[in-house]
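# Coordinate analysis (summary)
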Amino acid sequence: MAEVATVEINDAIFCQQHSKEVCENCGYDGREENDAFFGLDPIDREGIEAPAGAPNKDGVYQCKKHGSTACNQCYGWKKQITRLRTQAKKAGKK
Ligand SMILES: [Zn+2]
Ligand SMILES: [Zn+2]
């Protein structure tokens, strides 16, 4: 399998082309890596997606909306991942 180009946005890893954590086009799945980074056990959950952003002059991604490299609203991954994990667990119980 070809190596997928990835990008790090506020500590989470996404495919570079689409800023997706799970990308069918790239054949990329960064959930395990991101879960592990945030100290969570990887589970089968929906992937997160980074809102529009671009690298600043230091090459660090910042969101388009707020111009922040650690934006709580756009790049608040831990909160988003935790919510998706809760959803996945609930769905699994049914
Ligand atoms: Zn992709
Ligand atoms: Zn933002």
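Residues numbered from 1 in each chain as written. Chains lettered and ligands numbered in written order. Predicted model: local features only at pLDDT ≥ 70, side-chain atom pairs only at ≥ 80, totals over all residues. Heavy atoms only, no water.

## A look at the coordination of the zinc ion (ligand 1)
Going by this rule: Note: metal donors comprise N, O and S atoms at 2.8 Å or less from the metal (3.2 Å for Na, K and Ca); water molecules are not included, so apparent gaps in a site are possible. Any coordination sphere not matching a tetrahedral pattern (four donors, all angles between 85 and 135 degrees) or a square planar or octahedral pattern (four or six donors, opposite donors over 155 degrees apart, other angles between 65 and 115) is reported as irregular.
Only Cys 15 (SG), His 18 (ND1), Cys 23 (SG) and Cys 26 (SG) from the protein coordinate the zinc ion (ligand 1), and they sit 1.9 to 2.3 Å from it. For the zinc ion (ligand 1), the 4 donor atoms are set out with angles of 105 to 114° between them, so the coordination reads as tetrahedral. Each donor residue of the zinc ion (ligand 1) belongs to the same chain, with the gaps between them written as C-x2-H-x4-C-x2-C.

## Some thoughts on the packing of aromatic side chains
Our working definition: Pairs were defined over the aromatic rings of Phe, Tyr and Trp, the Trp ring being its six-membered one, requiring ring centres within 6.5 Å. Orientation was assigned from the angle between planes: stacked under 30 degrees, edge-to-face over 60, tilted for the rest.
Under the counting rule described, the total for this entry stands at 3 aromatic pairs. With 5.1 Å between their ring centres and 90° between their planes, Phe 37 and Phe 38 make a pair best called edge-to-face. Feature note: the residues Phe 14, Tyr 75 and Trp 77 constitute an aromatic cluster, connected by ring pairs.

## Focus on unusual backbone geometry
Using the following cut-off: Numbering of helices and strands runs from the N terminus; a helix is a DSSP stretch of H or I covering at least four residues, while a strand is a stretch of E covering at least two. Three labels apply to residues, based on accessible area from a 1.4 Å probe with only protein chains included: buried if under 20% of the type maximum, exposed if over 50%, partly exposed otherwise in between.
One non-glycine residue, Asn 10, adopts positive backbone phi at about 45°. If you check the backbone angles, Ser 19 has positive phi at about 55° while not being a glycine. Structurally, Ser 19 is set in the loop between strand S2 (12-15) and strand S3 (22-23). Classification of Ser 19 by relative accessible area gives buried; the value is 14%.

## Regarding the pattern of salt bridges
Two side chains that carry opposite charge are able to pair once their charged atoms sit near each other. Going by this rule: Salt bridge criterion: a side-chain nitrogen from Lys or Arg within 4 Å of a carboxyl oxygen from Asp or Glu.
For the structure shown, the criterion picks out 5 salt bridges. The residue Arg 45 makes a salt bridge to Glu 21 at a minimum N-O spacing of 2.9 Å. Here Arg 45, found in the loop between helix H1 (31-37) and strand S5 (53-55), pairs with Glu 21, found in the loop between S2 and S3; they are 24 residues apart in sequence, far enough to count as distant. Of the residues examined, Glu 21 reaches a relative accessible area of 0% and is grouped as buried. With its nearest N and O atoms 2.7 Å apart, the salt bridge here joins Asp 35 to Arg 45. Remark: Arg 45 occurs in the loop between H1 and S5 and Asp 35 occurs in helix H1; sequence separation between them is 10 residues. Overall, Arg 45 belongs to the buried group, its relative accessible area being 3%.

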